[in-house]
Structures are given as C-alpha cells and as structure tokens.
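# What the coordinates show
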Amino acid sequence: MKKVKLDIVGLSFSQTQSGAYALVLGEVNGRRRLPIIIGAFEAQAIAIEIEKMVPSRPLTHDLFKSFADHYKIRIEEILIYNLVDGVFFAKIICTDGNDTHEIDARTSDAIAIAVRFNATIYTYEFILSSAGIEMEGNDLLFIDSFENTTIDNPPEDFTNPPPNQKFQLQSTEELEAELSKAIADEAYELAAKLRDEISKRKKEK
C-alpha cells in the first residue's frame, strides 16, 4: 500500500471535546490534513519537545528515549496503519542495527516518541483519503502553551469523540455551508466532523 509522509502542522485545544487536544498532521508537499484527538498528557509531551522545553524531571516519553539510546535502539519510522470506528492505530518501527521490530502504540504516544527521535511519520493513502481534510493553505497552526497544564491525572486518548449534537438539528445544506467556512478558517477538527456527518446522511438516503 502507498505510504504518505506526514508532518505535525498544528496542536491546539479541541473544539469538540472538553479536556482534549487536536493534533493536526499534514501531508508533506500536499494540502490534506489529518486531525486526531489526543489527551492532555500526550499533547503536552509533544509540545514540550517541539518547543524544546526542558521539564524538571523526564516525562515517560523522555524515559523511553533514554532507554532506547542506552541500548542503541533506533526508531526508523512511525506508521499510522489503520482507522477503525474513528480510532487510529499506529506502530513504532525500530531496529538495533540487526533486527527490525514493529511495536503497537497509541497514535499520540507514537508521535510523542517520533518528535524525540526525529523519526518520520507515515500513514497509508486510504486513511488520508477517508479521514483527511483538504485545505486551501499550507500555513502552520500554533502550538498551545502547556506551561500551566496539569498532568497529574491525564485523560484517556479521545480518538473517537461523540458527534456534536448540534449537527442533528441542522439541515444538510446548513452543514455544507459550515463545512465550507471551516475549511476557509482552517478549522481542521470541526471540518472533519462536519464532513463525516454529511457523508453519513448521504449514505442513509
């Protein structure tokens, strides 16, 4: 299957899930975006590394890197290989120089590890085609500040948040108008929700 290389293009508070964050991946040299809902702990772990902040004590993903470096394990790539009922599945592909192994991981953890190893992130074309949103611009989104985020009780990985109940009260035409606006505003997560609701209604006809 064809693989597509991705970059992190945004990380911000989720527009649809309280206490969660929207991680946005974008195809390299392309306009499609893949929004993924993740927990606060994983979002903080990703943002800290991107912003080159140094926590007072190593986070779990930092510990993983130290362990891998000590035993000369190299992360070759991260692959988001499946999407089932709105949940993304990922694996970490690593090697010790002799053998290559694939380790199953939550997508948020895999990406937090990828940024620490400068590992390339990939997904398959069928996932990007079904769950991606095509945007007009290629601008990077902002990375939220996590300086005051508490991580004592991190939430679970919200990869499949419930649909917005507001959609049920709107016509398909209203949803399509909102989708156009969301795409224009580069509201990746909201656009994905609207697209899914419109697609579901068309299939039910």
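Think of each chain on its own: its residues are numbered from 1, step by step along the sequence as written. Only residues with pLDDT of at least 70 are given local features in this predicted model, and only at 80 or more are side-chain atom pairs given and counted; all residues enter the totals for whole chains, interfaces and linings. Side-chain figures throughout are based on the complete set of non-hydrogen atoms in the structure, without hydrogens or water.

Think of it this way: any DSSP run of H or I at least four residues long counts as a helix, any run of E at least two long counts as a strand, and we number them from the N terminus. Mapping Thr123 onto the fold places it in strand 7 (residues 120–124). Each C-alpha atom of the pair Thr123 and Leu79 lies 5.5 Å from the other, and the pair is 44 residues apart in sequence. Not counting the four nearest positions on each side in its chain, Thr123 is found in contact with Lys2, Lys3, Val4, Leu6, Leu79, Ile80 and Leu128. A 3.5 Å cut-off defines polar contacts: any pair of N or O atoms within that distance qualifies, except that in protein one atom must be a possible hydrogen donor and the other a possible acceptor, and neighbouring residues in sequence count only when both atoms are side-chain atoms. For Thr123, the side chain forms a polar contact with the main-chain oxygen of Ile80, separated by 2.9 Å. Any pair of residues with heavy atoms lying within 4.5 Å of one another is described as a contacting pair.

Before going further, it helps to examine the confidence of the model for the protein. This prediction gives the protein a mean pLDDT of 81; 79% of its residues lie at or above 70. Highest mean pLDDT in the protein belongs to strand 7 (97); lowest belongs to helix 6 (residues 188–204) (76). A low-confidence stretch, residues 140–164 stays under pLDDT 50, and its non-local contacts, those more than four residues away or across chains, total 60 contacts. You can read pLDDT as the predictor saying how much it trusts each residue, on a scale of 0 to 100.

Most of strand 2 (residues 20–27) sits out of view: eight of its eight residues are buried. Of the two faces of strand 2, both are covered, the one formed by Ala20, Ala22, Val24 and Gly26 as well as the one formed by Tyr21, Leu23, Leu25 and Glu27. Any two strands are treated as partners once DSSP identifies two or more bridges connecting them. Pairing analysis gives seven bridges linking strand 1 (residues 3–13) to strand 2, with the strands arranged antiparallel. If you follow Gly10 over to strand 2, its bridge partner there is Val24. With seven bridges connecting them, strand 2 and strand 3 (residues 32–39) associate as antiparallel partners. Paired with Ala20 across the bridge in strand 3 is Gly39. In this scheme, a residue with accessible area under 20% of its type's maximum is buried, one over 50% is exposed, and one in between is partly exposed, where area comes from a 1.4 Å probe on protein chains only.

Turning our attention to the nonpolar core. Among soluble globular proteins, nonpolar side chains are generally buried collectively. The nonpolar core is taken to be a set of buried Ala, Val, Leu, Ile, Met, Phe, Trp, Tyr and Cys residues, with the residues joined through side-chain atoms within 4.5 Å. Within the largest apolar cluster, 36 residues are counted, with the highest numbers of intra-cluster contacts made by Leu11, Leu25, Leu34, Ile38, Ile75, Ile80 and Ile121. In this structure, Leu179, Ala192, Leu194 and Ile198 belong to the second largest nonpolar core, which totals ten residues.

A few words on the layout of surface pockets. Only protein atoms enter the 1 Å grid used here. Points where a 1.4 Å probe fits but cannot escape make up a cavity, open sets with protein on both sides within 12 Å along at least five of seven lines make up a pocket, and a residue lines them when an atom lies within 4 Å of a point. Grid points are joined across faces, edges and corners, and a volume is the space filled by probe spheres set on the points. There is about 250 Å³ of room inside the second largest pocket. Looking at the second largest pocket, it is lined by 13 residues, and the ones nearest its centre are Ile8, Ala114, Val115, Asn118 and Ala119. Among the elements of the structure, strand 1, helix 1 (40–50), helix 3 (107–117) and strand 7 are those that each provide at least two residues to the lining of the second largest pocket. The element that contributes the greatest number of residues to the lining of the second largest pocket is strand 1, accounting for four residues. For the lining of the second largest pocket, a count of residues per class yields seven nonpolar, two polar and four charged. Residue polarity is assigned by list, with Asp, Glu, Lys and Arg as charged and Ala, Val, Leu, Ile, Met, Phe, Trp, Tyr, Cys and Pro as nonpolar; anything else, Gly included, falls into the polar class.

On to the pattern of salt bridges, then. A carboxyl oxygen of Asp or Glu within 4 Å of a side-chain nitrogen of Lys or Arg is what we treat as a salt bridge. Applying the stated criterion across every chain yields a total of ten salt bridges. One salt bridge connects Asp109 with Arg106, and the closest N-O pair in it is separated by 3.1 Å. Overlapping salt bridges bring together Glu27, Arg32 and Glu125 as one network.

Turning next to the environment of Leu179. With respect to the secondary-structure elements, Leu179 resides in helix 5 (residues 172–184). Distance in space between the C-alpha atoms of Leu179 and Leu194 is 5.9 Å, their sequence separation being 15 residues. Not counting residues up to four positions away in its chain, the partners in contact with Leu179 are Ala191, Leu194, Arg195 and Ile198.

On to the environment of Glu102, then. The residue Glu102 is located in strand 6 (residues 100–105) in this model. Assessed through its relative accessible area of 53%, Glu102 is described here as exposed. Residues Glu102 and Leu79, spaced 23 residues apart in sequence, show a C-alpha to C-alpha distance of 9.5 Å. A polar side-chain atom of Glu102 sits 3.0 Å from a polar atom in the side chain of Lys91.

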